[in-house]
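Below are the chains, spelled out letter by letter.
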Number of protein chains: 2
Amino acid sequence: MSVGRETRLSAWIERFAAHFAEEGIPLIGGRILGYLLVCQPVERTAAELSQELEASSGSISTNLKYLVNVGLVSKRTRRGRQAAEYRINEKAWTDFIQRKFDAIASVQTLTDDGMRLLSGDPERSMRLRTVDNLYGWLSEELPALWERRPAAPK
Amino acid sequence: MSVGRETRLSAWIERFAAHFAEEGIPLIGGRILGYLLVCQPVERTAAELSQELEASSGSISTNLKYLVNVGLVSKRTRRGRQAAEYRINEKAWTDFIQRKFDAIASVQTLTDDGMRLLSGDPERSMRLRTVDNLYGWLSEELPALWERRPAAPK
DNA sequence: CGATAGTTTCAGTGTCGACCGAAAGGGATC
DNA sequence: GATCCCTTTCGGTCGACACTGAAACTATCG
């Protein structure tokens, strides 16, 4: 007897959350992301998320605030409805990735400063130079690559 | 009155360590990396690192083990010398970056599995598709970019 | 205005990991 | 083999942070 689609989806959500937990995103935040990516309908209230993800209202609130803040989730309020609706903002994933790239490229300013401190001492700066060259190349290429990213469909 | 080069270097090491602390590398590990990148001579024993970075022998040992393990530092033992010598393995920085790229690209298998679970439900898979497309593109382009990386000098 | 339904805040709890320092372990020299 | 020196292991402490649940807050509707 095969397991249902919803069961497999919740297992998938858990894997999804586990991956981002390794990147420092709280488990519940990752679950929210995964859930909002596949739920039907697309919008959920905090209370619904709390129930379906079996997480306390406090955790949901904290993590929604964080996710809205980084743009991955958007909050919509409607007159006549006191409950706000949350949904995935899939467009924001590009910014999410870009921040990762920026973090990598930013090391170059660090190695660059180091090189400057060692200027006039080529012997000693050899090790740093290798690293600086790599990051220098990355901080050229990553933005260039990023320019070529495909436009999000419609 | 200007501060000495060594003073500025230790400030630089601290900045360096702080950056990688944000990426999840323990502070002391980051200090070791920064220090080994600029110290003269290039090799240090654990005891020396402990003294110069003002960290306990235990912390130094733990972090060296970790850094050697990921390849960023190499350990050399010599007959007639009981103290092992540690030095930066600047070549390994490329692997270090590559692991980051791999981590990004690996999300694609995740989103791909999700898409499969939602197959036959185009309406519902729209959100995931956007994300999947982005990661699909990345997992094509990042390895391609990586191929073009400059060779380390000599 | 009162009642209701939802969200946010906050204090408290538990877990995890970095760090320390002392004790144990292992080579090297005599 | 005994001694010395250095490294690793290990128990313990501390601080950070995710999470909870109850209380405070806010908004809507009767």
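Residues numbered from 1 in each chain as written. Chains lettered and ligands numbered in written order. Predicted model: local features only at pLDDT ≥ 70, side-chain atom pairs only at ≥ 80, totals over all residues. Heavy atoms only, no water.

- An unreviewed UniProt entry annotates chain A as DNA-binding transcriptional regulator GbsR, MarR family originating from Lentzea flaviverrucosa.

### Structural notes on the interface of chain B and chain A
Here's step 1: Listed as interface residues are 54 residues of chain B and, on the opposing side, 54 residues of chain A.
Here's step 2: When chain B packs against chain A, the two sides together hide about 5200 Å² of surface, and 68% of this comes from carbon and sulfur.
Here's step 3: Sorting the residues of chain B by area buried against chain A places Leu117, Arg124 and Arg127 of chain B first, and these three jointly supply 15% of that buried surface.
Here's step 4: Summed over the shared surface of chain B and chain A, the result is seven salt bridges.
Here's step 5: Here arginine 148 of chain A ties to glutamate 141 of chain B by a salt bridge, and the two come within 3.9 Å at their closest N and O atoms.
Here's step 6: Taken together, the connections running from chain B to chain A amount to 16 residue pairs in polar contact (both at pLDDT 80 or more). (Contact = heavy atoms within 4.5 Å. Buried area = accessible area lost by both parts, 1.4 Å probe. Salt bridge = Lys/Arg side-chain N within 4 Å of Asp/Glu carboxyl O. Polar contact = N/O pair within 3.5 Å; in protein donor to acceptor, adjacent residues only side chain to side chain.)

### What about the pattern of salt bridges?
Here's step 1: Enumeration over the complete set of coordinates arrives at 23 salt bridges over all chains.
Here's step 2: Here the salt bridges share partners, and the residues they tie into one network are Arg15 of chain A together with Asp112, Asp113 and Arg116 of chain B.

### Describing the nonpolar core
Here's step 1: Counting 90 residues, the largest nonpolar core has Trp93, Tyr135 and Leu138 of chain A together with Trp93, Tyr135 and Leu138 of chain B as its most contacted members.
Here's step 2: Residues in contact with tryptophan 93 of chain A, not counting those within four places in the same chain, are Phe16, Phe20, Leu33, Leu37 and Leu72 of chain A together with Val131, Leu134 and Tyr135 of chain B. (Core = buried A, V, L, I, M, F, W, Y, C linked by side-chain atoms within 4.5 Å. Buried < 20%, exposed > 50% of the residue type's maximum accessible area, 1.4 Å probe, protein only.)

### Focus on the packing of aromatic side chains
Here's step 1: Applying the stated criterion across every chain, the model contains 18 aromatic pairs over all chains.
Here's step 2: Relative to tyrosine 135 of chain B, the ring of tryptophan 93 of chain A has its centre 6.1 Å away and its plane inclined at 70°; by these criteria the two rings are edge-to-face. Here tryptophan 93 of chain A is found in helix α5 (residues 93-117), whereas its partner tyrosine 135 of chain B is found in helix α6 (residues 122-147) on a different chain. Of the two residues examined, tryptophan 93 of chain A and tyrosine 135 of chain B, each falls in the buried class.
Here's step 3: Judged by centre distance (5.1 Å) and plane angle (35°), the ring pair of tryptophan 12 of chain B and phenylalanine 16 of chain B falls under tilted. On the criterion of helical spacing, the pair formed by tryptophan 12 of chain B and phenylalanine 16 of chain B is a turn pair, its members being four residues apart in helix α1 (residues 5-22). In this structure, tryptophan 12 of chain B and phenylalanine 16 of chain B share a single accessibility class: buried.
Here's step 4: One aromatic cluster is present, built from ring pairs that chain together Trp12, Phe16, Phe20, Trp93 and Phe96 of chain A together with Tyr135 of chain B. (Phe/Tyr/Trp six-rings, centres within 6.5 Å; stacked < 30°, edge-to-face > 60°. Helix = DSSP H or I, 4+ residues; strand = E, 2+ residues; numbered from the N terminus.)

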